[in-house]
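# Results of the structural survey
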Amino acid sequence: MELSREDYSKHYVTEALFKLMESRPFNEITVSDVAKKAGVGRATFYRYFSCKEDVIKYFLDRTGAEFSSEQVYRPRSIEDYEDIIKRVVRYIKEHKQRLKLICKAHLEYIYFNYVDASLLNHLKAETDDDNEYKAAGFAGAIANITLHCVMHDCKDDESVVFD
């Protein structure tokens, strides 16, 4: 599958921001820094993103879409939801360095908002249950479990969540 010019630009901007975040505080990184590191102009950055936080949102959207594409069944029982949480923890382990950088930059709220909105939309689309409190509770649990995992360097097996 060939990527579009837009996909390439977004990819390189995302990679550039995270590379810069490894060595500098997020609030000291400018859009010009990101554009230069990505090999694009500021106009290209602003064509796709309105601010640096939007790059973080794009990263979460992209990785979330990858995760969702692997979900092949509708959860119907507590065991199904436990399986999803275990999959989330495994997936988070793959992306822990970037999530650590998001936490280091005090941008956890972007992650929490993403998880909350994603799960609320998922529950509305995939179930007959439109209880927003249930979605918020599940989203909060997943966000807290995954960030706890990240902050502890994802050392534990995902089954520890249910022991």
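Description of the structure in this document.

## Thoughts on the pattern of salt bridges
Pairing between side chains of opposite charge can happen when the charged atoms of each approach one another. Within this structure, the stated rule accounts for six salt bridges. We note a salt bridge from glutamate 6 to lysine 10, for which the minimum N-O separation is 2.8 Å. With a gap of four residues between them, glutamate 6 and lysine 10 both fall in helix α1 (residues 5–23), about one helical turn apart. A relative accessible area of 15% places lysine 10 in the buried class. Between lysine 100 and aspartate 153 there is a salt bridge, with the nearest N and O atoms lying 2.7 Å from each other. Of this pair, lysine 100 sits in helix α6 (residues 96–104) while aspartate 153 sits in the segment after α8 (132–151); the two residues are 53 residues apart in sequence, bridging distant segments of the chain. Taking relative accessible area as the criterion, aspartate 153 reaches 27% and is therefore assigned partly exposed. Overlapping salt bridges, with partners in common, bring together Lys96, Lys100 and Asp153 in one network.

## A short note on a nonpolar patch on the surface
Together, Leu3, Tyr8 and Tyr12 make up a nonpolar patch on the protein surface, roughly 280 Å² of accessible area in all. Mapped onto the elements, tyrosine 12 comes out in helix α1.

## Considering helix α4 (residues 52–69)
The end-to-end C-alpha distance of α4, which contains 18 residues, comes to 26 Å, matching closely the 26 Å that a straight helix rising 1.5 Å per residue would cover. Those residues of α4 that fall on the buried side of the exposure criterion are Lys52, Val55, Ile56, Tyr58, Phe59, Leu60, Thr63, Gly64 and Phe67.

## Side note on unusual backbone geometry
A positive phi is found at histidine 106, a non-glycine position, where the angle reads about 60 degrees. Inspection of the secondary structure puts histidine 106 in the loop between α6 and α7 (108–126). For histidine 106, a relative accessible area of 62% puts it in the exposed group.

Cut-offs used in this document
Residues numbered from 1 in each chain as written. Predicted model: local features only at pLDDT ≥ 70, side-chain atom pairs only at ≥ 80, totals over all residues. Heavy atoms only, no water. Salt bridge = Lys/Arg side-chain N within 4 Å of Asp/Glu carboxyl O. Helix = DSSP H or I, 4+ residues; strand = E, 2+ residues; numbered from the N terminus. Buried < 20%, exposed > 50% of the residue type's maximum accessible area, 1.4 Å probe, protein only. Patch = residues over 30% accessible without salt bridge, like charges linked within 9 Å, V, L, I, M, F, W, Y side chains within 5 Å. Areas by Shrake-Rupley, 256 points an atom, 1.4 Å probe, with all protein chains shown as cover. Expected span 1.5 Å × (residues − 1).

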